[in-house]
Protein chains: 2
Amino acid sequence: MRTFVAAADAGQFQEAAGALAITQQAVSKRVAALEHDLSVRLFARSARGVQLTVDGQAFLPHARELLRVADRADASVRPGRRALRVDVHSRRIGPAVLLQDFHRAHPDISLDVVTLDVDAVGAIAAVEAGAVDATFHAVAVRRLPDAIRAARVLDEPHELLVGPRHPLASADVVTPAQLAEHRIWMPGMAPGSEWADYYLELAAAFGLTIDLAGPVFGNEALLAEIAGSASLSTLVGEHSRYLWPDSWDLRRIPVRDPAPVYPMSLIWRADNPQPALRTLRRALRASTPDYPVWLPKLSGTY
Amino acid sequence: MRTFVAAADAGQFQEAAGALAITQQAVSKRVAALEHDLSVRLFARSARGVQLTVDGQAFLPHARELLRVADRADASVRPGRRALRVDVHSRRIGPAVLLQDFHRAHPDISLDVVTLDVDAVGAIAAVEAGAVDATFHAVAVRRLPDAIRAARVLDEPHELLVGPRHPLASADVVTPAQLAEHRIWMPGMAPGSEWADYYLELAAAFGLTIDLAGPVFGNEALLAEIAGSASLSTLVGEHSRYLWPDSWDLRRIPVRDPAPVYPMSLIWRADNPQPALRTLRRALRASTPDYPVWLPKLSGTY
DNA sequence: CTAGAGGCACAACCAACGGTTGTGGCTCGC
DNA sequence: GCGAGCCACAACCGTTGGTTGTGCCTCTAG
């Protein structure tokens, strides 16, 4: 492909061969092979050089695009100068949305969003090791390793997700106190994880029934279950993206007075030289809600 | 790359090998070679299969994109089911702009814009031969080959392009009659071409001095010449895109009363089965100006 | 605790690919 | 008409990339 583009740019195989440091015959062979694979003629040969055919003209921009993508792919992992790589715990929750906004605002910065599938300790270890440039987690800033920095970037308020038959289905807003009478189901939180700790502390603070146990069949199953139930509900982050069929008629009801928020920090290595990281940090300015919030004490490992 | 994606999807080399109809060892070798080239480990191997590393996760979407682009590149020339291919005489004039608008409105339709670099006769021959799906030219509809259809899609009005020292530099609008006193320079029109015929007929109709001869050094040179001259001017299509440094201070002045328009038709083969062509035809509805226009008699080959 | 199943890597082997040099034919310009 | 410039074809050969055979590791079932 690179040879084809070089030949198209040069207008002759000889010169392209020079640029690629191979012989004219090799260029001829490569182009012939490409033409054979595509079963189409890309160049019209003459004694003065070559000229793109119609098919060649149509193919050229695609070939260039292919090389661009290949170079980007290479740059995404090439040690030393790879793209900014950020870990999010799930692609459906707040931080992923923040990153998407960031990408829209800075399309020139190449960004890789990955999901490490580890807890805060593991993610911070990955940041320390340089495997990722940054991660999002709830941390008590005082107890981080020396080389690690953190900045609060998102206080994520919660919404109650209920089906149409749930008693609170028609509420515009609910208070934590109101939730005490209802069962909140959040399966899949590993005991001891920051998530489990958070929801246990929340439950204790307001006398709630938050069910962290139970079989985990995935988010889709959970949503389906809630859609059909008159008593089940769950909590989701305000920025999170969950999709369901319209017919399920699920409702998201803000929780306020106070609003339990989940405090997310961006975590990075102090000595990370990536300029894009600085840009990301600047772009992610925390906007504190203008209503009363409830925050956990964050007594976990960090 | 395809092997890497297959292995990532399968979660094990064995299964990927089956899907690709090669042996597990070949998959192992291919992945190892890719890892070597990138000097990065993409998979963590275990006795239960393989799992993407962080680098692998970051690389995967790029690899998928690469395959997508490769497939599109292939589809762009693969005989039988290639993308809609339209010839424009120049990427800077009206039809190219129409196509760009069309692409924005229908981003799902893959469109290849090519420049055949031939006259109307050659372009229509290319349409007949199936090398391109459509072309834009000024034609008298009556005399086309049987298998060819045409529809007027753009009556392109002209603007006078002058430098700041030209006598008409400050005019808001000019008439063809006014132009009779000034020299209009349009080098590079081959004698007998539809363009030359048009401008000759225009010159005759209004007693203009239109200079089609002269050395051709390219558009940039022409613009530079005009910018510095107090007497030279040229005509450009209203939709055409020419760029120049701000300091040149060139002005585009509409020609009206009547406005000489250049009538462009979309030309295609009656039996072209491409559904996208139908969409293009529907999208390109001619919008006739609501002011008096001048049209040529179109006495050329077609 | 052990045996077997399942999965990946390494080694040896071999066809085919992709480069090289050498050469011939074509076209254009002097 | 002849040389210069450029591309294609042929012969040649090292390397690549597939194959089969095998060993090692881990997880699990008996």
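Residues numbered from 1 in each chain as written. Chains lettered and ligands numbered in written order. Predicted model: local features only at pLDDT ≥ 70, side-chain atom pairs only at ≥ 80, totals over all residues. Heavy atoms only, no water.

**Some remarks on the overall build of chain A**
Move 1: Counting its secondary structure elements, chain A contains 10 helices and 12 strands.
Move 2: Against the compact-globule benchmark of 19 Å for 302 residues, chain A has a radius of gyration of 27 Å, which places it well outside the compact range.
Move 3: Within chain A, buried positions represent 48% of all 302 residues.
Move 4: Sequence-distant contacts, at least 24 apart, represent 75% of the contacts inside chain A between residues at least 6 apart.
Move 5: Counting every atom, chain A has about 14800 Å² of accessible surface; 52% of that belongs to carbon and sulfur. (Helix = DSSP H or I, 4+ residues; strand = E, 2+ residues; numbered from the N terminus. Rg over C-alpha atoms; globule rule 2.2 N^0.38 Å. Buried < 20%, exposed > 50% of the residue type's maximum accessible area, 1.4 Å probe, protein only. Contact = heavy atoms within 4.5 Å. Areas by Shrake-Rupley, 256 points an atom, 1.4 Å probe, with all protein chains shown as cover.)

**Re the protein's contact with DNA strand C**
Move 1: For DNA strand C, the set of nearby residues contains 19 residues, the closest of which are Gln 25, Lys 29 and Arg 30 of chain A together with Ser 28 and Arg 45 of chain B.
Move 2: Taking the atoms of DNA strand C that fall within 4 Å of the protein, sugar and phosphate contribute 59% of them.
Move 3: Measuring from a sugar or linking oxygen of DNA strand C, one finds a side-chain N or O atom of Arg 48 of chain A at 3.3 Å.
Move 4: Of all the secondary structure elements, the ones that give two or more residues to the surface near DNA strand C are helix H3 (24-38) of chain A together with helix H2 (13-20), helix H3 (24-38), strand S1 (43-46) and strand S2 (49-52) of chain B.
Move 5: Ranked by the residues each element gives to the surface near DNA strand C, the list is headed by H3 of chain A, at four residues.
Move 6: Across the surface near DNA strand C, the residue classes break down as six nonpolar, nine polar and four charged. (Near = heavy atom within 4 Å. Polar contact = N/O pair within 3.5 Å; in protein donor to acceptor, adjacent residues only side chain to side chain. Nonpolar A, V, L, I, M, F, W, Y, C, P; charged D, E, K, R; others polar.)

**Quick look at the protein's contact with DNA strand D**
Move 1: Near DNA strand D, the surroundings consist of 19 residues, among which Phe 13 and Arg 45 of chain A together with Gln 25, Lys 29 and Arg 30 of chain B are the closest.
Move 2: In DNA strand D, atoms within 4 Å of the protein come from the sugar-phosphate backbone in 62% of cases.
Move 3: Arg 30 of chain B places a side-chain nitrogen or oxygen 2.4 Å from a phosphate oxygen of DNA strand D.
Move 4: Side-chain polar atom of Arg 48 of chain B to a sugar or linking oxygen of DNA strand D: 3.2 Å apart, as the coordinates give it.
Move 5: For the surface near DNA strand D, the secondary structure elements donating two or more residues are helix H2 (13-20), H3, strand S1 (43-46) and strand S2 (49-52) of chain A together with H3 of chain B.
Move 6: Broken down by element, the residue count for the surface near DNA strand D peaks at four residues, all from H3 of chain B.
Move 7: Looking at the surface near DNA strand D residue by residue, the class counts come to six nonpolar, nine polar and four charged.

**Some remarks on the relation of the copies chain A and chain B**
Move 1: With an RMSD of 0.2 Å, the operation that places chain A on chain B is a rotation of 179° combined with a shift of 0.1 Å along the axis. The relationship between the two copies is best expressed as a two-fold rotation axis. When each C-alpha of chain A is compared by its distance to the rotation axis, Leu 66 of chain A comes out closest, at 3.2 Å.
Move 2: Mapped onto chain B, 100% of the interface residues of chain A again fall at the interface, so both copies present the same surface. (Least-squares fit on C-alpha atoms with pLDDT ≥ 70 in both.)

**A few points about the pattern of salt bridges**
Side-chain pairs of opposite charge can arise whenever the charged atoms involved come near each other.
Residues and elements named next belong to chain A.
Move 1: One pass over the full model with this rule turns up 32 salt bridges over all chains.
Move 2: We note a salt bridge from Asp 211 to Arg 183, for which the minimum N-O separation is 3.0 Å. In this pair, Asp 211 sits in strand S8 (residues 209-211) while Arg 183 sits in strand S7 (residues 183-185), placing the two residues 28 residues apart along the sequence.
Move 3: The class of Asp 211 is partly exposed, set by a relative accessible area of 25%.
Move 4: Asp 271 serves as the salt-bridge partner of Arg 269, at 2.7 Å between the closest nitrogen and oxygen. (Salt bridge = Lys/Arg side-chain N within 4 Å of Asp/Glu carboxyl O.)

**Let's talk about the interface of chain A and chain B**
Move 1: Listed by partner, the interface residues are 28 residues for chain A and 29 residues for chain B.
Move 2: Approximately 2500 Å² of surface area, both sides summed, lies buried where chain A meets chain B, with 63% of it carried by carbon and sulfur atoms.
Move 3: On the chain A side of the contact with chain B, Val 54, His 62 and Val 77 of chain A bury the most area, a combined 22% of that side's loss.
Move 4: For the pair chain A and chain B, the interface holds two salt bridges. (Buried area = accessible area lost by both parts, 1.4 Å probe.)

**Focus: the domain arrangement of chain A**
Residues and elements named next belong to chain A.
Move 1: When cut into domains, chain A gives domain 1 (2-77), domain 2 (84-154 + 261-294) and domain 3 (156-259).
Move 2: For domain 2 versus domain 3, the distance between C-alpha centres works out to 25 Å.
Move 3: At the junction of the two partners, domain 2 supplies 20 residues and domain 3 supplies 21 residues.
Move 4: Summed over both sides, the interface of domain 2 with domain 3 buries roughly 2000 Å², with 57% coming from carbon and sulfur.
Move 5: Sorting the residues of domain 2 by area buried against domain 3 places Arg 92, Tyr 262 and Trp 294 first, and these three jointly supply 44% of that buried surface.
Move 6: Remark: the boundary between domain 2 and domain 3 carries one salt bridge.
Move 7: A salt bridge links Glu 220 to Arg 92; the nearest nitrogen and oxygen atoms lie 3.6 Å apart.
Move 8: At the level of elements, helix H5 (94-105), strand S11 (259-269) and strand S12 (293-294) are the ones that each hand at least two residues to the side of domain 2 that touches domain 3.
Move 9: Here the side of domain 2 that touches domain 3 is composed, by residue class, of 14 nonpolar, four polar and two charged. (Domains from an automatic or database assignment.)

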